[in-house]
Amino acid sequence: MKMGGLLAVNQGSLDEPSFSILEHKPNNAVNKRPLILVGKGIVYDTGGLSLKPTKGMDIMKVDMGGAACVISAINAVAKSNLPVYVIGLIPATDNRPSGNAYAPGDVVEMYDGTNVEVLNTDAEGRMILADALSYAKKYNPELVIDMATLTGSAARAIGHFGIVSMHNKAEKQHQKLKEAGLEVYERLAEMPFWDEYDELMKSDIADIRNIGNADFAGAITAGKFLVHFTDYPWIHLDIAGPTYVTSEFGYRGKGATAIGVRLIYHFIENYTKSNYYFKKSLNYDYLDHSALYNILYCYEMIKDSNGLILFLKEYLSKNPYNEIGWHNLGKSYVKNKMYDEAITSFDFAIFSGIIGSAQFFELRKDFLLAQAFQILTPLSFKYFIFVSPLKNHKSS
């Protein structure tokens, strides 16, 4: 497969490397383009010729924590029969010194043709991940998340209390992942990803270096190396800190923690629920009230008010007389403080739909006056109760 990064790291090993592709693609998948999980599978890391100190090397058997997370998360997704198309990519090898091991100063041609100047053979995880990230392009993925015990810098920055994260072209997805992390207590600590860090990765003899040329921001420059090999929405999770702990922390026992499995599963489960009813060739012309309420519930559950507004606008373009749709669109606009749009939406709702707007009631206390004006026409009622107070509200 010409994965130069994976093959270079493997040169010092007695065993051949592997590249595993896991796929869960049920017939009722809510997504046509896959979610891809990439896991670092260094089964033992000595550091290679850039040899690690003896202290701490004994736990380097957990340097495959990212790969274990990917395997476990996809297994959980499959056993739960979640209707989502997800792929796992796992490059695996050990990293050892030998007469044939790759060395500082080598230039390695990667899977995508990029030439990498190797300056530290202990920065091996990014070498094998880069080839997997390049390989992921062939799937035209909706999102790629990589997980790796990548840097000591990440562990020193936040300890074992959370996961260092970075992203590119995936701001909304990263926010959803962060929310999932709070729910399962696998929290994300987002690092800055400014363009200035790109300068630290420039090489005089190759396209890019495998480590930054400064003694700071090691976790960030590792991310900058990886992003070079992506052209899709991408999230990087450095799980070096919490993958292995020497004492109990929260619900995690001493030793290996399986960090990331709950996070990824919960994220995918939320993604599935938020897309299930309306991303699988949904026919808006025949959407009954029960299905519509399920969609509204899913959006409410994942707290995606902007997504709900977009969905309702599309739904109402095909079902312009649906009271439930207009009513909930109006409530969503009010929730987002989009008052002019809210007035328009309520103008399209029928009288009973307006009465039921709890959010509007909270916004304007004089909503109680509605009961005194039920003998008025819906149009005059709406102007008196909603348009005039909102105009006053906006000017105050």
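Residues numbered from 1 in each chain as written. Predicted model: local features only at pLDDT ≥ 70, side-chain atom pairs only at ≥ 80, totals over all residues. Heavy atoms only, no water.

Here's the deal with the pairing of strand β4 (residues 86–95)
So, step 1. Counting buried residues along β4, ten of its ten residues qualify, which places the element largely inside the surrounding structure.
So, step 2. Here β4 shows a buried face lined by Val-86, Gly-88, Ile-90, Ala-92 and Asp-94 and a second buried face lined by Ile-87, Leu-89, Pro-91, Thr-93 and Asn-95.
So, step 3. Here strand β1 (residues 18–24) runs beside β4; their pairing, made up of seven bridges, is antiparallel. Looking across to β4, one finds that Ile-21 is bridged to Leu-89.
So, step 4. Two strands pair when backbone bridges link them, and strand β3 (residues 41–45) and β4 are joined in this way by three bridges, in the parallel orientation. Bridge pairing in β4 places Asp-45 opposite Asn-95. (Buried < 20%, exposed > 50% of the residue type's maximum accessible area, 1.4 Å probe, protein only. Helix = DSSP H or I, 4+ residues; strand = E, 2+ residues; numbered from the N terminus. Pairing = 2+ DSSP bridges.)

Comments concerning the sheet that holds strand β10 (residues 208–209)
So, step 1. Read across the open sheet, the three strands follow the order β5-β6-β10; overall the sheet is mixed. Here the strands that pair on one side only, and so sit at the sheet edges, are β5 (107–109) and β10.
So, step 2. Sheet topology note: the β5/strand β6 (residues 115–117) ladder contains three bridges and is antiparallel. Counted as the bridge partner of Val-107 is Glu-117 from β6.

Some remarks on the pattern of salt bridges
So, step 1. Scanning the model with the defined rule gives nine salt bridges in all.
So, step 2. Salt-bridge contacts for Lys-178 lead to Glu-190; the nearest nitrogen and oxygen are separated by 3.5 Å. Here Glu-190 lies in strand β9 (residues 188–190) and Lys-178 lies in helix α5 (residues 171–184), a separation of twelve residues in the sequence.
So, step 3. The class of Glu-190 is partly exposed, set by a relative accessible area of 39%.
So, step 4. What emerges from the salt-bridge pattern is a single network uniting Lys-40, Asp-63 and Glu-124. (Salt bridge = Lys/Arg side-chain N within 4 Å of Asp/Glu carboxyl O.)

Digging into the environment of Ala-136
So, step 1. As for its placement among the helices and strands, Ala-136 is situated in helix α3 (residues 125–136).
So, step 2. Sequence separation between Ala-136 and Val-38 is 98 residues; the distance between their C-alpha atoms is 8.7 Å.
So, step 3. Beyond its immediate stretch of four places on either side in the chain, Ala-136 contacts Ile-36, Leu-89, Pro-141, Val-144 and Tyr-232. (Contact = heavy atoms within 4.5 Å.)

Considerations on the packing of helix α9 (residues 305–318) against helix α10 (residues 323–335)
So, step 1. One way to put it is that α9 packs onto α10 with a least axis distance of 10 Å and a crossing angle of 150°. Between α9 and α10, the crossing angle belongs to the class labelled roughly antiparallel. The two elements α9 and α10 meet at a crossing, and its hand is left-handed. Between α9 and α10, the contacting residues are Leu-308, Ile-309, Leu-312, Lys-313 and Leu-316 on the first element and Gly-325, Trp-326, Asn-328, Leu-329, Ser-332 and Tyr-333 on the second.
So, step 2. Grouping the amino acids of the contact of α9 with α10 by side-chain chemistry returns seven nonpolar, three polar and one charged. (Axes fitted to C-alpha atoms, helices over the stretch in contact; angles between N-to-C directions. Parallel < 35°, antiparallel > 145°, perpendicular 65-115°, else oblique. Left-handed = near helix turned anticlockwise from the far one by under 90°. Nonpolar A, V, L, I, M, F, W, Y, C, P; charged D, E, K, R; others polar.)

Section: unusual backbone geometry
So, step 1. With a phi angle near 60°, Lys-2 is a residue other than glycine that sits in the positive phi range.
So, step 2. Residue position: Lys-2 is located in the segment before α1 (4–10).
So, step 3. A positive phi angle is found at Asn-140, which is not glycine, with a value near 50°.
So, step 4. Examined against the element boundaries, Asn-140 turns out to sit in the loop between α3 and β7 (143–148).

Points about the environment of Ile-235
So, step 1. Take Ile-235: it is sitting in strand β11 (residues 234–238).
So, step 2. According to the relative accessible area criterion, Ile-235 is buried, its value standing at 0%.
So, step 3. On a C-alpha basis, the gap between Ile-235 and Asp-146 in space is 6.5 Å, while along the polypeptide they are 89 residues apart.

Some points on the nonpolar core
So, step 1. Residues Leu-89, Met-127 and Phe-225 are the most contacted members of the largest nonpolar core, which totals 48 residues.
So, step 2. Listed by contribution, the elements that provide at least two residues to this core are α1, β2 (35–39), β4, α3, β7, β8 (163–168) and α6 (218–227).
So, step 3. A total of eight residues in this core trace back to one element, the largest contributor, which is α3.
So, step 4. When residues no more than four places from it in sequence are discounted, the contact partners of Met-127 are Gly-5, Leu-6, Val-9, Tyr-102, Val-108, Met-110, Val-116, Val-118, Asn-210 and Phe-225.
So, step 5. Formed by 33 residues, the second largest nonpolar core is a distinct cluster that contains Ile-74, Leu-143, Val-261 and Leu-263. (Core = buried A, V, L, I, M, F, W, Y, C linked by side-chain atoms within 4.5 Å.)

Function cannot be read off these values alone, since they describe shape.
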